[in-house]
Amino acid sequence: MTLESVTLAEVEASLGTLENESLSETTDYLEKEAEIFAEEKRMEMMMGWHLKREPRLQRSTTVATGSIDVDSAAAVTDDFPASAAVKEVLLGQDEGAQTAALGSEDVKGTHTDLDPVQRLFLEKIKDYDNMHRLNGGLLETEPDYVKYLSEETAKLQRLYGGGDLSSFPEFTFTEAVFAKSDPPLLPSHDFVIEMINGLSRIASSSAYREAAMECRVLSIQSHVVRGYVGNKSASFPLQDKESQACQQARRRRCEEAGLRLAATGFLLVTSPKMETGSLGAGLVLGFEVDSINSVQFSNHTGYSHWKGQVLTADELHVLYEGIKLNNVHQYDYVLTGYTRDTSFLEMVVDIVQELKRANPNLVYVCDPVLGDHGSMYVPQNLYPVYKNKVVPVADIITPNQFEAELLTGKNISTEKDAVEVMDLLHAMGPDTVVITSSDLPSRLGDRFLVSLGSQRHVRPDGSRTTQRVRIEVPKVDAVFVGTGDLFAAMLLAWTHHYPNDLKMACEKTFSVMHHVIQRTISYAHELAGPGRRPSPPQLELRMVQSKADIEDPAIVTEATVIS
Ligand SMILES: Nc1ncnc2c1ncn2[C@@H]1O[C@H](COP(=O)(O)OP(=O)(O)O)[C@@H](O)[C@H]1O
Ligand SMILES: Cc1ncc(COP(=O)(O)O)c(CN)c1O
């Protein structure tokens with residue numbers, strides 16, 4: 001059957017056979033017929049505008065209630081060059097006009113520019129509308145639908161306080177009357193002007209742009225399926241904690257710039273009358289951590305078994321190239337830890353140098369993992385790479401005593417030795433050095449672990465100053481793995497927060513370590529049972545459970561400034 005072979009009379013004749021059938025069957029039939037027409041016309045004309053649009057017209061005209069889907073009708077007039085008659089019928093000024101148009105014999109009699117299918121639909125709409133009015137309600141509806149409709153109507157009435165949901169509501173606006181003694185509820189004109197001017201100043205100020213910017217870390221470390229070392233140990237605390245620490249640091253900077261960030265996340269101009277709240281959900285300021293997994297192991301190497309893959313230097317380069325090609329290689333920090341391969345480490349150095357050229361303020365935080373307590377646990381050939389290439393480009397390093405001694409060639413037997421070693425390390429490059437653990441005796445007794453830190457600053461006049469601190473924390477009789485990685489990540493975070501206050505940064509960092517370790521050991525003892533030493537899986541750091549302590553550590557140890 002082709003369109004040309006169907007006359008209006010034929011369509012009407014076929015409709016006649018349906019007169020006694022139910023309305024829904026008729027509608028189904030019409031839809032099918034129209035689909036057949038549309039498909040055939042499309043096949044024949046390929047690009048014909050009106051049949052291409054017919055399915056839309058069908059949808060808007062098969063509404064059982066007899067009303068017009070105004071959105072569809074509007075769409076028809078937007079991009080459907082329908083005849084004037086269709087537009088007139090579908091877009092009457094109001095419901096009454098629509099009904100009148102639909103009920104008018106003109107539709108059938110005078111608008112000869114309608115094609116047969118359009119005319120057929122318009123007539124059916126007219127019929128439905130008449131029947132709808134005569135019937136006083138829905139036509140041929142299923143009981144389920146009536147029930148659903150009445151439930152939905154009741155629900156809306158409950159929600160909106162009853163009333164007639166089928167008519168447009170009336171609004172009455174009454175002028176608010178303020179008693180003279182009432183406190184002003186609205187900001188004054190001057191205040192609003194000040195606020196608008198202030199907002200535009202804020203939007204263009206570097207403080208605002210800085211506050212809105214993210215802080216991005218590239219962390220090149222191990223990944224383990226089970227447990228917490230490397231990236232598993234560093235990423236979560238950095239992302240989590242910094243959402244607070246960064247907020248505070250940046251809020252302080254914004255406040256210095258004369259701005260206030262109110263609790264709602266709205267930016268408001270500083271006003272002496274206005275209270276400031278904590279920075280709310282308006283700006284998200286957590287560290288973004290981009291992780292490159294130097295290895296992917298089943299678990300850390302302290303377990304009886306471990307399996308996995310090692311990323312080669314070339315593979316590292318490929319990943320970095322991908323980042324670079326997209327021009328998203330702008331980083332504020334690079335964080336690295338345990339590595340066993342010299343060419344991989346050399347590639348890290350190349351990447352750090354390139355990233356530093358892109359951002360001269362980039363801070364490289366490096367844990368020079370070489371060994372502990374007199375023995376190396378990485379291949380010997382890594383040592384010259386750390387000493388000659390890695391440490392010189394690092395800004396913050398976190399060696400243990402053994403590593404610090406190895407890198408400088410000087411033993412530490414006293415606190416004075418430790419200070420000299422840290423000075424030697426400064427001379428190699430890094431401005432911040434923390435010796436994470438040492439065998440030095442603590443004044444608090446032999447159950448305390450002594451750590452030392454040193455930070456160099458350049459004064460505004462160009463001269464140098466160095467702050468040195470000693471920290472003593474309770475020693476726990478167990479071997480934890482992943483603590484070095486967590487430590488480096490936390491030092492990164494807290495030095496970011498307190499860039500010129502190593503004492504404070506250390507107190508926060510060591511306090512986080514204390515809380516995580518205490519939680520881990522109590523849980524491990526519980527798992528192991530009385531009198532039994534916890535196993536490596538039982539000693540996995542209780543990282544997620546320590547979220548609150550990581551975010552806002554209660555200070556448990558005070559750092560002593562030693563010079
Ligand atoms: N047995 C422990 N008792 C108390 N604190 C510990 C213990 N082991 C690690 N830590 C904490 O973790 C930090 C990092 O230590 P560690 O893992 O030994 O570093 P690294 O891996 O660099 O040698 C220490 O400074 C300390 O705060
Ligand atoms: C795979 C892996 N990554 C990283 C580390 C480093 O752990 P830590 O933070 O305790 O130095 C280890 C410990 N050997 C490890 O096995």
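Overview of the structure.

The rules behind the values
Residues numbered from 1 in each chain as written. Chains lettered and ligands numbered in written order. Predicted model: local features only at pLDDT ≥ 70, side-chain atom pairs only at ≥ 80, totals over all residues. Heavy atoms only, no water. Near = heavy atom within 4 Å. Polar contact = N/O pair within 3.5 Å; in protein donor to acceptor, adjacent residues only side chain to side chain. Areas by Shrake-Rupley, 256 points an atom, 1.4 Å probe, with all protein chains shown as cover. Helix = DSSP H or I, 4+ residues; strand = E, 2+ residues; numbered from the N terminus. Nonpolar A, V, L, I, M, F, W, Y, C, P; charged D, E, K, R; others polar. Expected span 1.5 Å × (residues − 1). Buried < 20%, exposed > 50% of the residue type's maximum accessible area, 1.4 Å probe, protein only. Phe/Tyr/Trp six-rings, centres within 6.5 Å; stacked < 30°, edge-to-face > 60°. Lys NZ or Arg CZ within 6 Å of the ring centre and 35° of its normal. Core = buried A, V, L, I, M, F, W, Y, C linked by side-chain atoms within 4.5 Å. Contact = heavy atoms within 4.5 Å. Patch = residues over 30% accessible without salt bridge, like charges linked within 9 Å, V, L, I, M, F, W, Y side chains within 5 Å. Salt bridge = Lys/Arg side-chain N within 4 Å of Asp/Glu carboxyl O.

### Observations concerning the site of ligand 1
Item 1. Near ligand 1 you find 16 residues, and of these Asn400, Thr436, Val476, Thr483 and Gly484 are the closest.
Item 2. At 3.0 Å, a side-chain N or O of Asn400 approaches an oxygen atom of ligand 1.
Item 3. A total of 540 Å² of accessible area belongs to ligand 1 in isolation, and the protein chains cover 86% of it.
Item 4. For the shell around ligand 1, the secondary-structure elements that each account for two or more residues are α18 (483–497) and α19 (502–528).
Item 5. Among the residues forming the shell around ligand 1, the class breakdown is eight nonpolar, five polar and three charged.

### With respect to α18
Item 1. Compared with the 21 Å implied by 1.5 Å per residue over 15 residues, the 21 Å span of α18 between its first and last C-alpha is a close match.
Item 2. Where burial is concerned, most of α18 is hidden: 14 out of the 15 residues are buried.

### Overview of the packing of aromatic side chains
Item 1. In total, this model carries four aromatic pairs according to the counting rule given.
Item 2. Ring centres of Trp494 and Tyr498 lie 6.3 Å apart, and the angle between their planes is 15°; on these two criteria the pair is classed as stacked.
Item 3. Taking the relative accessible area as the measure of exposure, Trp494 reaches 2% and is therefore buried.
Item 4. The lysine or arginine in question, Lys232, covers the ring of Tyr228, its NZ or CZ lying 5.4 Å from the ring centre.
Item 5. Of note, Arg542 hangs over the ring of Tyr523, and the distance from its end group to the ring centre comes to 3.4 Å.

### Topic: the nonpolar core
Item 1. Ranked by size, the top nonpolar core spans 45 residues in total, and within it Leu218, Leu316, Leu355, Tyr364, Tyr386 and Val390 carry the most contacts.
Item 2. Considering every element that reaches this core, the biggest residue donor is helix α14 (residues 342–358), with eight residues.
Item 3. When neighbours within four sequence positions are excluded, Leu355 is seen to be in contact with Leu218, Tyr320, His329, Tyr331, Val334 and Leu362.
Item 4. Leu335, Val473, Leu502 and Cys506 belong to the second-largest nonpolar core, a separate cluster that totals 41 residues.

### Concerning the environment of His514
Item 1. Its location among the elements puts His514 in helix α19.
Item 2. Look at His514 and you get buried, because its relative accessible area is 18%.
Item 3. For the pair His514 and Val476, spaced 38 residues apart in sequence, the C-alpha separation works out to 9.5 Å.
Item 4. Excluding residues that lie within four positions of it along the chain, His514 makes contacts with Pro474 and Val556.

### Some words on a nonpolar patch on the surface
Item 1. Together, Tyr145, Val146, Tyr148 and Leu149 give the surface a local cluster of nonpolar side chains, amounting to about 370 Å² of exposed area.
Item 2. Looking at the element boundaries, Tyr145 is found in helix α9 (residues 143–160).
Item 3. Given a relative accessible area of 39%, Tyr145 falls into the partly exposed group.

### Quick notes on the site of ligand 2
Item 1. Residues in contact with ligand 2, as listed here, are Ser222, Val229, Phe297, His300, Thr301, Tyr338, Val481, Gly482, Thr483, Gly484 and Asp485.
Item 2. Within the side chain of Ser222, an N or O atom sits 2.7 Å from a nitrogen atom of ligand 2.
Item 3. A distance of 2.7 Å is found between an oxygen atom of ligand 2 and a backbone nitrogen or oxygen belonging to Gly482.
Item 4. Protein chains bury 87% of the 400 Å² of accessible surface belonging to ligand 2 in isolation.
Item 5. For the shell around ligand 2, the element with the highest residue contribution is α18, accounting for three residues.

No statement about biological role is implied by the geometric values presented.
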